[in-house]
Amino acid sequence: MALSNKLEENIQYLQQTLPLQRSFDLMTRELLLGDTKAFFLGVNGFCKTEILQQIFSDLQNPLYMEDGIVQNIEQYVSAKLGYAQVSLVDSWDTVIRSVLSGPAALLIDGFDLAVLIDARTYPTRSIAEPDLEKVTRGSRDGFVETLLFNANLIRRRVRSPKLCFSMHSVGTESKTDVALAYLEGAVNKELLQKLSDTIDSLNVSALTMGTKSLEELLLPKRWWSPLPNFQITERPDVACSYLTEGHILILVDNSPVVLILPCTIFQFTQSPEDYYSSPSVGTYFRLVRFLCIPASLLLMPLFLLLTAYFPEESARLGLLASSDLNGAQLFFYVLAVEFILDLFRYSSALSSGKFSGSLSMIGGLIIGDIAVSLNWVSVEALFYGAVTLLASLSISSTDFSSALRIYRILLIAVTGIWGLPGFLAGLFAVLLSVAATPTFGGFSYFWPLFPFNGKALWRLLFRCPTPKAQPAKVWDRGKVKD
């Protein structure tokens, strides 16, 4: 809908569309620019008052007026508004969306154009290192909830004229800003076009959970696949390293997390700590994390299988100190250990930092010992559960680690009920679920293992020295599939 050249009609439309008199944070002001009437609209807290005061001081200065009447709005704006980014728009949709996003609007009588003054500021927290992606060396900054700040953190590292941020709006009510960051010439244009078209076609009222809501809208989650379909990061250095390799970054306003496309299962085994260590040390710890994946998945189910259904083999390996435990007791002990360790992990993660350390010590020293004394768990089950927990915590991606936990609980359940046939059937179901995990664009979840790319697989398995990794390699992953 277009604006009217009559100021009273424009004010009346705003009063019908916005709760100007009911919402305290909407600022309105009737002004006189010489003898010309004007109307100001903005959101309290989104506008820099010092800049606006200077702007309106110049707008109302009679020395800059010709006979007290604004004759040409383009020349008037060009001559008077030099303190901020300014644009002229003639659509009510653009005016309303812009004002609610931060810029202020100025309506002048006699013109069917609105002056948008981008002098906005957002409340934000300080830039700090993410808790889940800490490194012993390296940068200490992380993404925040303001999209513009996140774009600045990326632009500061990648000062290339090819870097582009494509802006989209998602949500009929929230109008959430979503930006796609990519390098011209390196990005897969088919994937970029498909992603842009998909975002523009989303029919949703709001992205209530930020990037997580957008992730599930772009690729609906299937119940049989708990594995993550997108890689996420809160570190600008990690995001920029993928950006230079031809990946696409998805930035969502109000969310400190960046989505990375395309995604493969091997990306969840990497950590920025590898690249802040020497190549040999980084390769060693990367291989340790690879070994932690099967340990996290199979250690507890195999312990239950051998001790409950193959006692002779268990005795030969010395898995149990006592041989008077039956299969049902061992099954109960393993489930109890899984529940207790998950309980302490989540409670310590969600509790205040002042109590998380004490909570972990209480759980490990007191409750674990009491649980063994009360015969709720066995010492052996508690030990193997603790090793499993350590293996899970060593995996850099928490989403990937949580998916392995779901698979592990499934394997424990079917192994405890049906023994070896249940374990084999559960393992087959896990492998089938992993193989059928969907990805955006239809790329293989196991690339570069399938389809096989030896050089790319070598780069993922081993930490290469920086001179050999320059310039960044953009790998061809095939065509985008529907």
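On a predicted model such as this, the values are computed, not experimentally measured, just so you know.

(A) View of the nonpolar core. One finds V178, L195, L214, L218 and I250 to be the most contacted residues of the largest nonpolar core, which totals 24 residues. Broken down by secondary-structure element, the contributors of at least two residues to this core are strand 7 (176-183), helix 6 (189-200), helix 7 (211-218), strand 9 (248-252) and strand 10 (258-261). Broken down by element, the residue count for this core peaks at four residues, all from helix 6. With near-sequence residues (within four places) excluded, L214 lies in contact with V178, L202, L207, I250 and V252. Counting 22 residues, the second-largest nonpolar core is a separate cluster that includes C47, L113, I117 and A119.

(B) Quick peek at the sheet that holds strand 2 (residues 36-43). If you walk across this open sheet you meet the five strands as 1-2-4-5-3, and the pairing is antiparallel. The open sheet is flanked by strand 1 (26-33) and strand 3 (85-89), the only strands paired with a single partner. Neighbouring strand axes in the sheet, compared pairwise and without regard to direction, differ in orientation by 20° on average. The pairing of strand 4 (residues 104-108) with strand 5 (residues 114-118) spans four bridges and is antiparallel. Note on strand 5: the bridge partner recorded for A104 is I117.

(C) Main features of the layout of surface pockets. Taken as a whole, the second largest pocket encloses approximately 690 Å³ of empty space. Forming the boundary of the second largest pocket are 25 residues, of which P103, D118, R120, Y122 and L148 lie nearest the centre. Breaking the lining of the second largest pocket down by element, the ones donating at least two residues are strand 3, helix 4 (92-101), strand 5, helix 5 (147-157) and strand 6 (163-170). Of the residues assigned to the lining of the second largest pocket, the class counts are ten nonpolar, nine polar and six charged.

Parameters and conventions
- In this numbering scheme, every chain counts its residues from 1 along its sequence in written order.
- Predicted model: local features are reported for residues with pLDDT of at least 70 only, side-chain atom pairs are reported and counted for 80 or more only, and whole-chain, interface and lining totals are derived from all residues.
- Based on all heavy atoms of the structure, the side-chain values leave hydrogens and waters out of the count.
- Nonpolar cores were defined as sets of buried Ala, Val, Leu, Ile, Met, Phe, Trp, Tyr and Cys residues, with membership established by side-chain atoms within 4.5 Å.
- Burial classification: accessible surface area is computed with a 1.4 Å probe over protein chains only, and a residue below 20% of its type maximum counts as buried, one above 50% as exposed, and the rest as partly exposed.
- Numbering of helices and strands runs from the N terminus, with a helix taken as a DSSP run of H or I at least four residues long and a strand as a DSSP run of E at least two residues long.
- Any two residues having at least one pair of non-hydrogen atoms within 4.5 Å are treated as being in contact.
- A strand pair is defined by DSSP finding two or more bridges across the two strands.
- Axis definition: a line fitted to C-alpha atoms, over the contacting stretch in the case of helices. Angles run 0 to 180 degrees between N-to-C directions.
- Only protein atoms enter the calculation, which uses a 1 Å grid: trapped sets of points that fit a 1.4 Å probe without letting it out are cavities, open sets showing protein on both sides within 12 Å along at least five of seven lines are pockets, and any residue with an atom within 4 Å of a point is a lining residue.
- Grid points are joined across faces, edges and corners, and a volume is the space filled by probe spheres set on the points.
- Basically, the charged four are Asp, Glu, Lys and Arg, the nonpolar ten are Ala, Val, Leu, Ile, Met, Phe, Trp, Tyr, Cys and Pro, and anything else, Gly included, counts as polar.

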